Amino acid sequence: MTDSPLQAVEKLQEKMERIRISSNASSMSKYMKNLFPFAGVKSPERKMVHREWVKTLSKNQDRWDIAFLLWELPEREYQYIAIDYLNKIPKKNIEIGDIKMLEEILTNKSWWDSVDAIASNYVGEYFKKYPQQVKPIISKWRNSDNMWLNRTCLIFQLKYRDETNFSLLKDLIIQYQDVKEFFIQKAIGWSLRQHSKHKPLEVQKFITEISLKGLAKREASKYL
């Protein structure tokens, strides 16, 4: 008999509790500005548990039911497991309606660790599969009051290589160029730095054209 999503998550919790190290938890939380409690399970051990746990799940399990149950748990490691789980979903199984759930994940318990991991993977793959969704969704997110959605607009193409829509990226950077928020300036630089690996002359020309400054310019210029 297949476990329910709740039963599946409870079994994962049992496995995680066995390897909880309270002495690690404080330093891990401090690294994340004490925004989230941690169980004290470091990445290699967490990934090992995750790999074994995923093997027990039925292919018919609703991935979003499981992901949101994990998201509700207090310890940050469970959000990491949710992200790892979602990012392993085959592209063929990504559905057009997933964007609603992705937005909820991006805007809840948000910090760079969760947003960056899901934005440059699942969100990036989503828009590759459904390119017709780029215009309406990015139009909405780029003008949102939620900074993490703004950041997602800048970084969802990080793994696109030569497929990067540089016109869109340039337009977004011009929109956000004067925004003082650290995570936006960092994302501007990061996105340009990544693109410069494939199109360095394009990036250099653009940096000069818009007189990019400060953190964004330093990050963007690292490979130029």
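1. Side note on the layout of surface pockets
Alright, step 1. The calculated volume of the largest pocket comes to roughly 390 Å³.
Alright, step 2. If you go around the largest pocket, you meet 13 residues; those closest to its centre are S58, K59, Y85, I89 and P90.
Alright, step 3. Of all elements in the fold, only α3 (43-54) and α5 (76-87) reach the threshold of two or more residues within the lining of the largest pocket.
Alright, step 4. Partitioned by chemical class, the residues of the lining of the largest pocket number five nonpolar, four polar and four charged.

2. Remarks on unusual backbone geometry
Alright, step 1. Here the phi dihedral of K109 falls at roughly 50°; this positive angle occurs in a residue that is not glycine.
Alright, step 2. You will see that S211, though not glycine, has its phi angle at about 50°, which is positive.
Alright, step 3. You can see S211 is positioned in the loop between α12 (200-209) and α13 (214-220).

3. Notes on helix α8 (residues 134-142)
Alright, step 1. All of the buried residues along α8 are V134, I137, I138, W141 and R142. Seen from one end, α8 has its buried residues packed into an arc of 120°, which puts them on one side.
Alright, step 2. Against α6 (98-107), α7 (112-129), α9 (147-155) and α10 (166-176) lie the buried residues of α8.

4. Quick word on α6
Alright, step 1. The set of residues buried in α6 consists of D98, I99, L102, E103, I105 and L106. Buried residues of α6 fall within an arc of 160° about the axis and therefore sit on the same side.
Alright, step 2. Of the surrounding secondary structure, the elements contacted by the buried residues of α6 are α4 (63-72), α7, α8 and α9.

5. Examining the packing of α4 against α5
Alright, step 1. Packing of α4 against α5 brings their axes to within 8 Å, and their N-to-C directions diverge by 160°. Relative to α5, the element α4 is oriented roughly antiparallel. Like other packed secondary-structure pairs, α4 and α5 cross with a definite hand, here left-handed. For the pair α4 and α5, contact is made by R63, W64, I66, A67, L70 and W71 and by Y78, Q79, I81, A82, I83, Y85 and L86, respectively.
Alright, step 2. Its residues assigned to classes, the contact of α4 with α5 shows eleven nonpolar, one polar and one charged.

6. Some details on the side chain of R63
Alright, step 1. Note on placement: R63 falls in helix α4.
Alright, step 2. A relative accessible area of 13% means that R63 is categorised as buried.
Alright, step 3. At 2.8 Å, the side chain of R63 forms a polar contact with the backbone oxygen of N93.
Alright, step 4. Dropping the residues within four chain positions of it, R63 is found in contact with Y85, L86, I89, N93, I94, E95, D98 and Y122.

7. Thoughts on the packing of helix α1 (residues 5-18) against α5
Alright, step 1. Where α1 meets α5, the axes come as close as 12 Å, and the angle between the chain directions of the two elements is 125°. With respect to their mutual orientation, α1 and α5 come out oblique. The handedness of the crossing between α1 and α5 comes out as right-handed. Contacts from L12, Q13 and M16 in α1 reach E77, Y78 and I81 in α5.

8. Things to note about the pattern of salt bridges
Alright, step 1. In total, this model carries 15 salt bridges according to the counting rule given.
Alright, step 2. Here E219 ties to K186 by a salt bridge, and the two come within 3.0 Å at their closest N and O atoms. Taken as a pair, E219 in helix α13 and K186 in helix α11 (residues 182-196) lie far apart in primary sequence, 33 residues in all.
Alright, step 3. Under the relative-accessibility criterion, E219 is labelled buried at 7%.
Alright, step 4. Judged by its relative accessible area of 28%, K186 falls in the partly exposed class.
Alright, step 5. Between E219 and R193 there is a salt bridge, and its shortest N-O distance comes to 2.5 Å. A residue pair is termed long-range when its members are at least 10 positions apart, and E219 in helix α13 and R193 in helix α11 qualify at 26 residues.

The rules behind these values
Residues numbered from 1 in each chain as written. Predicted model: local features only at pLDDT ≥ 70, side-chain atom pairs only at ≥ 80, totals over all residues. Heavy atoms only, no water. 1 Å grid on protein atoms, 1.4 Å probe; cavity = no way out; pocket = protein on both sides within 12 Å on 5 of 7 lines; lining within 4 Å. Points joined across faces, edges and corners; volume = space filled by probe spheres on them. Helix = DSSP H or I, 4+ residues; strand = E, 2+ residues; numbered from the N terminus. Nonpolar A, V, L, I, M, F, W, Y, C, P; charged D, E, K, R; others polar. Buried < 20%, exposed > 50% of the residue type's maximum accessible area, 1.4 Å probe, protein only. Arc of directions from axis to C-beta. Contact = heavy atoms within 4.5 Å. Axes fitted to C-alpha atoms, helices over the stretch in contact; angles between N-to-C directions. Parallel < 35°, antiparallel > 145°, perpendicular 65-115°, else oblique. Left-handed = near helix turned anticlockwise from the far one by under 90°. Polar contact = N/O pair within 3.5 Å; in protein donor to acceptor, adjacent residues only side chain to side chain. Salt bridge = Lys/Arg side-chain N within 4 Å of Asp/Glu carboxyl O.

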